[in-house]
Amino acid sequence: MDLLTNAIESIQIGVDDFRAGSRPRLLSAVRNIHAGILLLFKEALLRRSPPGSNEVLIKARIEARLDGPDQIAFVGAGRKTVDTQQVRERFKSLGIAADWKLFDQIADVRNEVEHYFPHLTQDAIAGVVASAMLIVRNFAANELGAEPRELLGQKTWEAMLQVTDLYQEERKRCDQALTLIAWESEALESGVKQIRCQHCGSGLLKPAEASSSYSDTTLQCRGCGSTREPDSYVAEAIAEALDWEAHVAMTDGGEEPYGECPDCGLVTYVYAERRCAHCGETAATECACCGTTMSASEMASSPLCGWCDYMKSKCD
Ligand SMILES: [Zn+2]
Ligand SMILES: [Zn+2]
Ligand SMILES: [Zn+2]
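From a predicted model like this one, the values you see are computed outputs, not experimental measurements. (Residues numbered from 1 in each chain as written. Chains lettered and ligands numbered in written order. Predicted model: local features only at pLDDT ≥ 70, side-chain atom pairs only at ≥ 80, totals over all residues. Heavy atoms only, no water.)

Let's shift gears to the overall build of the chain. In terms of regular secondary structure, the chain is built from 11 helices and eight strands. The C-alpha extent of the chain, read off along each of the three principal axes, is 80 × 55 × 30 Å. Residues classed as buried in the chain amount to 45% of the 316 residues present. Pairs at least 24 residues apart make up 53% of the contacts formed inside the chain by residues separated by at least 6 positions. As displayed, the chain has an accessible area near 16300 Å², and 49% of this comes from carbon and sulfur atoms. Averaging the coordinates of the 32 positive side-chain charges in the chain and doing the same for the 47 negative ones gives two points 7 Å apart. (Helix = DSSP H or I, 4+ residues; strand = E, 2+ residues; numbered from the N terminus. Buried < 20%, exposed > 50% of the residue type's maximum accessible area, 1.4 Å probe, protein only. Contact = heavy atoms within 4.5 Å. Areas by Shrake-Rupley, 256 points an atom, 1.4 Å probe, with all protein chains shown as cover. Lys, Arg positive; Asp, Glu negative; His and termini not counted. Charge placed at Lys NZ, Arg CZ, Asp CG, Glu CD.)

In structure tokens form, the structure reads like this:
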């Protein structure tokens, strides 16, 4: 079967799975939609592979071949096709545009749902369908020269549009309600919009009742009604909001963006904000003993830096 048919059928089956709504079908929906979009991306690479190159752009391995004197061709080798990271790199070097941020959201849900969320509901997966719809709409038109409705078929496309509308409306409602709270931390404010219900996996959480301060704010899941207190969600929100910075710090070296708070003990001290997003502690960032500037990972021992804390007796 050809790649494009495969891509389309995966997405169509995924949307049918979503509509069926049972937990096994919802798990299958995420897998199929994720796989379908990746295949659609590969189709764009396939179309750009020169004739006689053994589909070079979708092959994981590329070989140089001598095609005559002074004539070198690059051809695909083996059967293995590109993985997500390779698709991303080739899109970048070839100038093919795709919304990777939305794709990463789908990939995150795919990685999470199978392990958590015992009571998975449609609400939890609606965001995946919405992200998929937005990716396909632009990618089909811009990179495949196709009308998405014709590509996926009327039935699937209509269903995706409907889910997206409902999801975005509800998302907006949640975000508006969340904006009314004084979060006192930019990281926390952006992070609470990204966390999920621990019960059903829905990302649609909003304040359970009107309150002005984040410390009095209980979040409630729109889907199943479960609630979460700041003790449970602040650390997760900070981790979500600063996920990219933490990733860069880990891979390229550099300072961690957040660390353990010396006062409340949660991993919620946001270094750039010089404040714990959970308890509001504004711990000293200069060591009281040796005067060096402490990193986020040393904040737990504030007012002493990691070294002076270890050598405590000398400072007394
Ligand atoms: Zn829930
Ligand atoms: Zn704290
Ligand atoms: Zn020190």
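And the narrative resumes.
Further remarks concern the confidence of the model for the chain. Residues with a pLDDT of 70 or more make up 98% of the chain, whose mean pLDDT is 92. Mean pLDDT per element in the chain: helix α10 (residues 243-252) is the minimum at 88, and helix α1 (residues 3-20) is the maximum at 97. (pLDDT = per-residue confidence, 0-100.)

Strand order across the open sheet formed by three strands is β3-β4-β5, with antiparallel pairing between neighbours. The two strands at the open ends of the sheet, each matched to only one other strand, are β3 (205-207) and β5 (227-228). The sheet contact formed by strand β4 (residues 219-221) and β5 spans two bridges and is antiparallel. Note that in β5 the partner of Leu-219 across the bridge is Arg-228. (Pairing = 2+ DSSP bridges.)

Further remarks concern the coordination of the zinc ion (ligand 3). Around the zinc ion (ligand 3), the protein supplies Cys-287 (SG), Cys-290 (SG), Cys-305 (SG) and Cys-308 (SG) as donor atoms, at distances of 2.3 to 2.4 Å. Coordination geometry of the zinc ion (ligand 3): the four donor atoms subtend angles of 103 to 113 degrees at the metal centre, consistent with an arrangement described as tetrahedral. In primary sequence terms, the donor set of the zinc ion (ligand 3) follows C-x2-C-x14-C-x2-C. In this pair, Cys-287 sits in the loop between β8 (275-276) and α11 (306-310) while Cys-305 sits in the loop between β8 and α11, placing the two residues 18 residues apart along the sequence. (Donors = N, O, S within 2.8 Å, 3.2 Å for Na, K, Ca; no water. Tetrahedral: all angles 85-135°; square planar, octahedral: opposite > 155°, others 65-115°.)

Take the side chain of His-34 next. Following the sequence through the fold, His-34 ends up in helix α2 (residues 23-47). For His-34, the contacting residues outside a window of four places in its chain are Phe-103, Ile-106, Ala-107 and Arg-110.

This next bit is on the pattern of salt bridges. Taken as a whole and assessed by the stated rule, the structure comprises 17 salt bridges. Note that Asp-104 and Arg-88 form a salt bridge whose closest N and O atoms lie 2.9 Å from each other. Here Asp-104, found in helix α4 (residues 100-113), pairs with Arg-88, found in helix α3 (residues 84-94); they are 16 residues apart in sequence, far enough to count as distant. Asp-104 gets classed as partly exposed once you look at its relative accessible area, which sits at 29%. Look at Arg-88 and you get partly exposed, because its relative accessible area is 26%. A salt bridge links Glu-169 to Arg-173; its shortest N-O distance comes to 3.4 Å. With a gap of four residues between them, Glu-169 and Arg-173 both fall in helix α7 (residues 154-179), about one helical turn apart. A residue is classified by how much of its surface remains accessible, and Glu-169, at 47% relative accessible area, is partly exposed. Judged by relative accessible area, Arg-173 falls into the partly exposed class, the value being 43%. (Salt bridge = Lys/Arg side-chain N within 4 Å of Asp/Glu carboxyl O.)

What follows is about helix α9 (residues 230-241). End to end, α9 covers 15 Å across 12 residues, agreeing with the expected 16 Å (1.5 Å per residue, within 8%). Within α9, the full set of buried residues consists of Pro-230, Tyr-233, Val-234, Ala-237, Ile-238 and Ala-241. Looking straight down α9, one finds its buried side chains confined to an arc of 135 degrees; they lie on one side. Along its buried surface, α9 packs onto α8 (186-192), β4, β5, α10, β6 (258-259) and β7 (269-270). (Expected span 1.5 Å × (residues − 1). Arc of directions from axis to C-beta.)

Moving on, we come to the pairing of strand β1 (residues 59-66). Where β1 and strand β2 (residues 72-81) come together, seven bridges link them in antiparallel fashion. Its bridge partner being in β2, Ala-64 is matched across the sheet by Phe-74. Taking the residues between adjacent antiparallel strands as the criterion, β1 and β2 are bridged by five residues, where Gly-68 takes a positive phi near 145 degrees.

Taken together, the side chains of Ile-62, Leu-66, Ile-72 and Phe-74 define a hydrophobic patch exposed on the protein surface, amounting to about 450 Å² of accessible area. Topologically, Ile-62 is positioned in strand β1. (Patch = residues over 30% accessible without salt bridge, like charges linked within 9 Å, V, L, I, M, F, W, Y side chains within 5 Å.)

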